[in-house]
Amino acid sequence: MSTTLPKILVTRKIPAAGLACLDGKANYRILRTQGVPSYDEVKAAVRGADAILPLLTERIDGDILDNAPTVKVVANMAVGFDNVDVAAATARGVMVTNTPGVLTETTADFAWALLMAAARRVVEGDRFTRDGRWKTWEPEGLLGQDLYGATLGIIGFGRIGSAVARRAVGFDMDVIYYNPSPLKGEARQVAEDVGARSADFEELMRESDFISVHVPLTADTRHLIGEGALALVKPTAVLVNTSRGPVVDPAALYQALSSGGLWAAALDVFEKEPVVPDDPLLSLPNLVVAPHLGSASVTTRNRMAVMAAENALAALAGHRPPNLVNGDVWKG
Ligand code: DGY
């Protein structure tokens, strides 16, 4: 390792485009080329690093940072940063960055893929066909729910939520949204453009035919979709979650889906990831699942890796990184 270049701990293998940005500018070490490093592995490996480039699978907290007093920046390769204890980083003067914007459209596309799969029973139909159960065209076989003209309720009308709303225009849907704070900038414009109406949370749960969740995970949003919220939905409603797993209470979701309180759901994210095959939720035919694929396109993952690398390099060069989450630490 050269002594002149800053040292970056990259916790797992990221797309080559991101590593290419670091070439010649930093001395990087990839902790794990396969699998996820344990908390203790990360804690031991950060010693002596100037920056950490983690993924959402690694928890970066005060204890880890105390083991690495030389670390100036945690450059998360994700837009969500609930895996990083931002308060602990701020208290130690460590910058935290994320990767907003580059994954917005890809994630919105995937929310729609799940929504449509759940509404029109695409996965059930696939299994039915492969299992040799398709004997004839059935007038009432595998009937789904129509999208066109339906009401789409969006919880969290930020970048991704508003991108999901834009796509609803093509289906002639009515869009309502619940956002914890007044809309700003582009999201406000999108709401105006698509004629989206603001609703309170309970109203949205009651009125929506489709509910798509796009809030970050915070103390306020943990189990936001729980027993109380699910008691309000139409029995024909479909719930889609591409945000963070713990926003939906899995026990309440199981109860709603298995009792007919909720018609179907689609989850890209789970309270505990990876979800285990014998999780009760996976026994439900009216649940479509994916292994946290929202941003998983070649182009988008390359962009996320590049953005994380550029954030790290900017901070190490003494510049304000473009996607600083904890602006309080920036002394200029
Ligand atoms: C994120 O970036 O927060 C997503 O969950 C993964 O792309």
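Residues numbered from 1 in each chain as written. Predicted model: local features only at pLDDT ≥ 70, side-chain atom pairs only at ≥ 80, totals over all residues. Heavy atoms only, no water.

Novice: Can you explain the nonpolar core? Please cite residues and give values.
Specialist: Trp112, Leu152, Ile154, Phe157 and Phe210 are the most contacted members of the largest nonpolar core, which has 34 residues in total. Breaking this core down by element, the ones donating at least two residues are helix H5 (104-119), strand S6 (151-155), helix H7 (159-168), strand S7 (174-178), helix H8 (185-194), strand S10 (238-241) and strand S11 (264-267). Looking at which element gives the most residues to this core, the answer is H5, with nine residues. Listed in part, the 29 residues of the second largest apolar core include Ile176, Phe201, Met205 and Val213. (Core = buried A, V, L, I, M, F, W, Y, C linked by side-chain atoms within 4.5 Å. Buried < 20%, exposed > 50% of the residue type's maximum accessible area, 1.4 Å probe, protein only. Helix = DSSP H or I, 4+ residues; strand = E, 2+ residues; numbered from the N terminus.)

Novice: Explain H5 to me, using residue names and the numbers behind them.
Specialist: Taking 1.5 Å as the rise per residue, H5 with 16 residues should run 22 Å; its terminal C-alpha atoms sit 22 Å apart, in good agreement. Burial analysis of H5 places 12 of its 16 residues in the buried class, the great majority of the element. Buried within H5 are the following residues: Thr104, Thr106, Thr107, Ala108, Phe110, Ala111, Trp112, Leu114, Leu115, Ala117, Ala118 and Ala119. Following H5 by one or two positions, Arg121 has its phi on the positive side, about 55 degrees. (Expected span 1.5 Å × (residues − 1).)

Novice: Describe the environment of Ala45, and please don't skip the residues or the numbers.
Specialist: By secondary structure assignment, the location of Ala45 is in helix H2 (residues 39-45). In this structure the C-alpha to C-alpha distance between Ala45 and Asn241, which are 196 residues apart in sequence, comes to 34 Å. In contact with Ala45, not counting residues within four places along its chain, are Leu9, Arg29 and Leu31. (Contact = heavy atoms within 4.5 Å.)

Novice: So what's going on with unusual backbone geometry? Which residues, and what values?
Specialist: The linkage connecting Glu273 with the following residue, Pro274, adopts the cis geometry, with an omega of -5 degrees. Looking at the element boundaries, Pro274 is found in the loop between S11 and strand S12 (287-289). A positive phi angle is found at Leu142, which is not glycine, with a value near 45 degrees. A positive phi is found at His223, a non-glycine position, where the angle reads about 55 degrees. Topologically, His223 is positioned in the loop between strand S9 (210-213) and helix H10 (227-230). The exposure class of His223 is partly exposed, given its relative accessible area of 31%.

All quantities given are derived from atomic positions and should not be read as evidence of function.
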